[in-house]
Amino acid sequence: MINKATSSPMDVTSHYIFPRIQPHIHSWVHQYGKNILCWHGPQPELVITEPEVVKEIMSIKEISMGKPGVGPIYRKMLGGGLVLSQGDKWAKQRKIATHAFNGERLKNMVPAMVESTKIMLERWKDAGTKEIEVYNEFKILASEIISRNAFGSSYEEGKQIFKNLWALSLLVFKTAHKVRHPGFGIIFKDKDDIESDKLQDGIHNLIMQMIRNKEKMIISGDEDKSTDYLGLLLKAHHDSDDSYKLSIQDVIDDCKTFYAAGHATISLLLSWVTFLLGIHTEWQEAAREEVQEVFGNQDPSSEGIARLKKMGMIINETLRLYPPATSTTRKVLKETRVGNLVLPANLNLQIPALALHQDPEIWGEDAHLFKPERFSDGIANAVNKNPGAFIPFGYGPRICVGYNFTINEAKITLSMILQRYRFTLSPNYVHAPVQHISLRPNCGVQIMFQGL
Ligand code: HEM
């Protein structure tokens, strides 16, 4: 069904991508109702699209709700890092990540985000009115920003890690819908398993090298370099208290997770916003006016970011229509009752954000249209106080740790582009969203820029 639905491009003004990206869920919801039980080989999975149930499930404490197992290639990409871990290990990892990406630290990251965006804009300087494929540009930008802020390195230094992660993600995509016998991929290996082993080993060696360099810096007393995310992970690795201690493999897995999660999703958010503002130029003008009121021609500052209300509405509406993470998963660890559902242990759960975000019963008959004004009185009012209806970053204890980091980066980058350019969607753009781990534009996003 997915192959058929994505075999041709869509009309550029159509944002109703749910039947294209998740045609099976779209058809089941219409046939069987909002919550559907399906099977992946021998493994049952409940797909939930009722916002009240979604909210309850996502609020449940980590002890009774874990993460389902993933295929061997996906595991090579993220290891036992924060996205896939559960129980006590998750609690330890989560504490460190929350500490590294919140409050004062986030504020201190703003100048580095501005500098990285300047490097990208410097490349665009001679664009004139020429076309730029922005998805690729935003991938480099987001890689640079996560490298600098989390690892104290640069895109160039982490380039091979990003390349290997990208190649692994292609293999995950290729094998995503295969149901395999247990043991395949571990005991019996095919070409993809062997290739993914090599990529995994490459990433492992590169991260170990980065860790050794960081340890040298910490030993030499360079305090600044020891308080970023990698510095905090290494501190936990050397902690004498076992309840805080992380093994070196945990450190490597969390680095992989943050390299992957920290650049893939943000570059997609920026690409889809630019695509939408390239069509809805009235909203582009409104956003530009706001940026000029708040920053004039100055670089963005952390104080001003919170005042970009219209831009916040545009970002939310983009995340509603084109959520980079289209689904979230859970595994029931202990029998749990939610509303009138009894969820037995070992049941997998899938929560497809896209189904909720594009449901006309929640958002009205214009659910498929780009209308940022829905969010003018905040998210709570847009969803009639039901947070389960809008979950681009998840909800509850496992809500995205990179949420504030993402919003800051998106607002900074968009402000700096709007200060310098007017833009429209290029006639060469082909509207072909695909689910490839995250929601990607299959043919890139070609934009025509005109300097102001
Ligand atoms: C547009 C950008 C992003 C989107 C749409 C997004 C989406 C999500 C979603 C939906 C979840 C929840 C998964 C769940 O409930 O199981 C999540 C978790 C997570 N995100 Fe993000 N994310 C984004 C950016 C980032 C960034 C920039 C980072 C790193 C700096 C990051 C790191 C993580 C991690 C580590 C988790 C796992 C948290 C946990 O399970 O405790 N994300 N993200």
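Residues numbered from 1 in each chain as written. Predicted model: local features only at pLDDT ≥ 70, side-chain atom pairs only at ≥ 80, totals over all residues. Heavy atoms only, no water.

S.K.: Explanation requested: the packing of helix α7 (residues 103-124) against helix α8 (residues 134-151) in the structure shown.
M.R.: The axes of two packed helices give the description: the angle between them and the distance between them. The N-to-C vectors of α7 and α8 enclose an angle of 150 degrees; their axes lie 10 Å apart at closest approach. Put simply, α7 runs roughly antiparallel to α8. As α7 runs across α8, the sense of the crossing is right-handed. Counted together, Met109, Ala112, Met113, Glu115, Ser116, Thr117, Ile119, Met120, Arg123 and Trp124 of α7 and Val134, Glu137, Phe138, Ile140, Leu141, Glu144, Ile145, Arg148 and Asn149 of α8 form the full contact between these two elements. Class assignment of the residues belonging to the contact of α7 with α8 gives a composition of 11 nonpolar, 3 polar and 5 charged. (Axes fitted to C-alpha atoms, helices over the stretch in contact; angles between N-to-C directions. Helix = DSSP H or I, 4+ residues; strand = E, 2+ residues; numbered from the N terminus. Parallel < 35°, antiparallel > 145°, perpendicular 65-115°, else oblique. Left-handed = near helix turned anticlockwise from the far one by under 90°. Contact = heavy atoms within 4.5 Å. Nonpolar A, V, L, I, M, F, W, Y, C, P; charged D, E, K, R; others polar.)

S.K.: Looking at this structure, how should I read the environment of Lys130?
M.R.: Residue placement: Lys130 occurs in the loop between α7 and β4 (131-133). The sequence separation of Lys130 and Phe393 amounts to 263 residues, and the corresponding C-alpha distance is 34 Å. In this structure Lys130 touches Ile447, Met448 and Phe449, once residues within four positions along its chain are discounted.

S.K.: I keep staring at the coordination of the iron atom of the ligand and nothing clicks. Help me out?
M.R.: Geometry reference: four tetrahedral donors at a metal, ideal angle 109.5 degrees. Six octahedral donors, ideal angles 90 or 180 degrees. The protein gives the iron atom of the ligand a lone donor atom, Cys400 (SG), placed 2.3 Å from the metal. Mapped onto the elements of the fold, Cys400 is located in the loop between α18 (379-382) and α19 (403-420). (Donors = N, O, S within 2.8 Å, 3.2 Å for Na, K, Ca; no water.)

S.K.: Please explain the sheet that holds strand β12 (residues 446-451) as it appears in this structure.
M.R.: Across a sheet, strands are paired by hydrogen bonds formed along the backbone, either parallel or antiparallel in direction. Read across the open sheet, the 3 strands follow the order β4-β12-β9; overall the sheet is antiparallel. Bordering the open sheet on either side are β4 and β9 (421-425), each of which pairs with just one other strand. Adjacent strand axes in the sheet meet at a mean angle of 40 degrees when their direction is disregarded. Taken together, the 3 bridges between β4 and β12 define a ladder with antiparallel strand orientation. Looking at the pairing, Glu131 lines up with Met448 of β12. (Pairing = 2+ DSSP bridges.)

Everything listed is a geometric property; what it means functionally is a separate question.
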